Amino acid sequence: MNINEKIKTFGFNKVLHYLEKDPQTNIPKLMEFVDHVFPKDEFASQRAAFRSAIDEKNNWYQLIMRGYDLDPQTRITFFRNFILNGNLLSWPIQDENREKYGCNIPWAILLDPTSACNLHCTGCWAAEYGHNLNLSYEDIDSIISQGKELGTYVYIYTGGEPLVRKDDLIRLCEKHHDCIFLSFTNATLIDEAFCQEMLRVQNFVPAISLEGFEEANDSRRGDGVYKKVMRAMELLKEHKLPFGISTCYTSQNYDDISSEAFFDKLIDMGAFFIWFFHYMPVGKDASPELLPTPKQRMTVYDRIRKYRKTKPIFSMDFQNDAEFVGGCIAGGRRYLHINAAGDVDPCVFIHYSNANIHDCSLLDVLRSPLFMAYHDGQPFNDNMFRPCPMLENPDILPKLVRESGAHSTDPQAPETAEELCAKTVPYADQWTPVADKLWAEQQAEKAGK
């Protein structure tokens, strides 16, 4: 740790200790201390937003204060691992390595501990993969160790159902106690014993899959799953543990998952964040009719941005919020995906690869042809409401795959990039004029300010 990192760590720990004494009194005084310790231009926009929330005591301030209802040690570890290690300390290291190696360096790594899952949800490709693929404990440990060398301290499990491997995941939390681990999960395996393990390691956060209220959710995930999810959330709240929600919006459930009642229900249950994912027709048996219409997508867009200003929960729409991250974040630009066979995909929805973590290093993956094609091609569209090379720009992905020599990583029913993108061409044709109008209006509004 260099002198600058030591200063940041010392200052951050002082801030945590200061806030723990009396958060309501001391939070308004926080920014003076932060501005004194950290360079003026570092995370300037984030600090401005934080300062505004404190001054106005708005919904973001309310969300911060909700954090002080959590288990104290878990809260402190989350703040230290996510804010300090995962951002303040690691971001300069990532930037240095981006410059040094001339490639993308991810902020987070998604990986599948297993292809096994105890559910079979409509529209989910993972259930097609069977129960035979697994990354070993040693595989995952190596990935994390390599990632930390590059400056990556945020790890996100997907699958399959990651909690099928809950014992190994807890062991990894223990070994890499300086990282933050988030796991997408159907929550049916969260019980009292696992809550106790989460309290013990303090650096594991579930992101529970939920597709709306009971009828909408169980129509996709199976009868009785909604009630099991509610019970899991009750347990997490009782144990004062942080968790959030992951939801996929489709033409069938978009109204449910973007409703004020849904937001209020999640806040009442104790959720701290909700991540919205646009349905992607991945897999040969995928249902293109589940793709939202432009009008439905706009409904989700409008509602999320409305409630983001009023509800004490962090919401992120990964398809409509690309303007905040400069377009597509895949291909290692901000994240990548490693499946249970070790194939490294540029995106959790883009199952094509030319590298396997068993055969090469993580850095070699990031400098492989497909990942360099992402690096050189991003952003894929100047309109930030059309960020994806598959969904909104279906002519791009087949070209990237073909020119890089990548292959499908679907172990059951491989489909070519051309076959995949053929399902999104009609969607892109319908969405493009709406997106172009929205982008033009937004840019005109910004220019007029």
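Our structure's up above, just so we're on the same page.
In this report, we go over the structure that sits alongside the text. In this text, all values refer to a predicted model and were calculated from it rather than measured experimentally. (Residues numbered from 1 in each chain as written. Predicted model: local features only at pLDDT ≥ 70, side-chain atom pairs only at ≥ 80, totals over all residues. Heavy atoms only, no water.)

Details of the packing of aromatic side chains
Keep this limit in mind: Each pair of aromatic rings taken from Phe, Tyr and Trp, with Trp reduced to its six-membered ring, is defined by centres within 6.5 Å and is described as stacked if the planes are under 30 degrees apart, edge-to-face if over 60, and tilted in the remaining cases. Only DSSP runs of H or I with at least four residues qualify as helices, and only runs of E with at least two residues qualify as strands; both kinds are numbered from the N terminus onward. We call a charge positioned over a ring when the NZ of a Lys or the CZ of an Arg lies within 6 Å of the ring centre and within 35 degrees of the ring normal.
Evaluated as defined, the whole model comprises 20 aromatic pairs. Between F385 and W439 the ring centres are 5.7 Å apart and the planes differ by 80 degrees, which places this aromatic pair in the edge-to-face class. Of this pair, F385 sits in the loop between α16 (369-377) and α17 (396-404) while W439 sits in helix α19 (residues 425-448), and the two are 54 residues apart along the sequence. Every member of this aromatic cluster is reached through a ring pair, and the members are F184, F273, W275, F277, F318 and F349. Sitting over the ring of Y137, R171 keeps its end group 3.7 Å from the ring centre.

A closer look at the packing of helix α8 (residues 166-175) against helix α9 (residues 192-201)
For clarity, the threshold we go by: Here, axes are lines fitted to C-alpha atoms. For helices the fit covers the stretch in contact, and angles between N-to-C directions go from 0 to 180 degrees. Angular relationships are summarised with four words: roughly parallel below 35 degrees, roughly antiparallel beyond 145, roughly perpendicular across 65 to 115, and oblique for the angles in between. Note on convention: near helix rotated counterclockwise from far helix by under a right angle means a left-handed crossing. Clockwise means right-handed. For this analysis, residues touch if any pair of their heavy atoms sits within 4.5 Å. When residues are sorted by character, Ala, Val, Leu, Ile, Met, Phe, Trp, Tyr, Cys and Pro go into the nonpolar class, Asp, Glu, Lys and Arg into the charged class, and all the rest, Gly among them, into the polar class.
Packing of α8 against α9 leaves a shortest axis separation of 10 Å and a crossing angle of 15 degrees. Classed by the angle they form, the pair α8 and α9 counts as roughly parallel. When the axes of α8 and α9 are compared, the crossing they make is left-handed. Note on element contacts: α9 touches α8 through F194, E197, R200 and V201, opposite K166, I170, C173 and E174. The class makeup of the residues in the contact of α8 with α9 is 4 nonpolar, no polar and 4 charged.

Examining the state of the cysteines
Going by this rule: Throughout, disulfides are identified as pairs of cysteine sulfur atoms within 2.5 Å of each other.
Counted according to the given criterion, the structure contains 0 disulfides. Counting only cysteine sulfurs, C173 is the nearest neighbor of C195, a cysteine outside any disulfide, at a range of 14 Å. Looking at the unpaired C421, the closest cysteine sulfur is the one in C388, lying at 7.9 Å.

Quick notes on the nonpolar core
Basically, it comes down to this: We define a nonpolar core as any set of buried Ala, Val, Leu, Ile, Met, Phe, Trp, Tyr and Cys residues linked to one another through side-chain atoms lying within 4.5 Å. Here the term buried applies to any residue with accessible area under 20% of the maximum for its type, exposed to any over 50%, and partly exposed to those in between, with areas from a 1.4 Å probe on protein chains only.
Counting 64 residues, the largest nonpolar core has L111, Y157, F204, L210, M233, I245 and I338 as the members making the most contacts within it. When residues of this core are assigned to their parent elements, the largest contribution, 8 residues, is made by helix α11 (residues 225-238). Setting aside residues up to four positions removed in sequence, L111 forms contacts with L135, I140, I143, Y155, I156, Y157, T158 and I338.

Notes on α19
Selection criterion: How far a helix is expected to stretch is found by multiplying one less than its residue total by 1.5 Å. Given a residue, its bend is the angle between the two axes fitted to the seven residues that end at it and to the seven that start from it.
With 24 residues, α19 ought to run about 34 Å at 1.5 Å a step, and its terminal C-alpha atoms sit 34 Å apart, in line with that. A bend of about 35 degrees at W431 is the largest found in α19, and the proline P433 appears one to four places after it. Residues of α19 that are buried sit in contact with β6 (273-278) and α14 (294-307).

A closer look at the sheet that holds β6
The strands that make up a sheet are held in pairs by hydrogen bonds between backbone atoms, and each pair lies either parallel or antiparallel. Just so we agree on the cut-off: When DSSP finds at least two bridges between two strands, those strands are taken to pair.
Strand order across the open sheet formed by 9 strands is β7-β6-β5-β4-β3-β2-β1-β8-β9, with mixed pairing between neighbours. The sheet terminates laterally at β7 (314-317) and β9 (344-345), the two strands that pair on one side only. The pairing of strand β1 (residues 108-111) with strand β2 (residues 154-157) spans 4 bridges and is parallel. The partner of A108 across the bridge, within β2, is V154. The strands touched by helix α7 (residues 137-150) are β1, β2, β3 (180-185) and β8 (335-338); relative to β2, the strand with the most contacts, the crossing angle is about 150 degrees.

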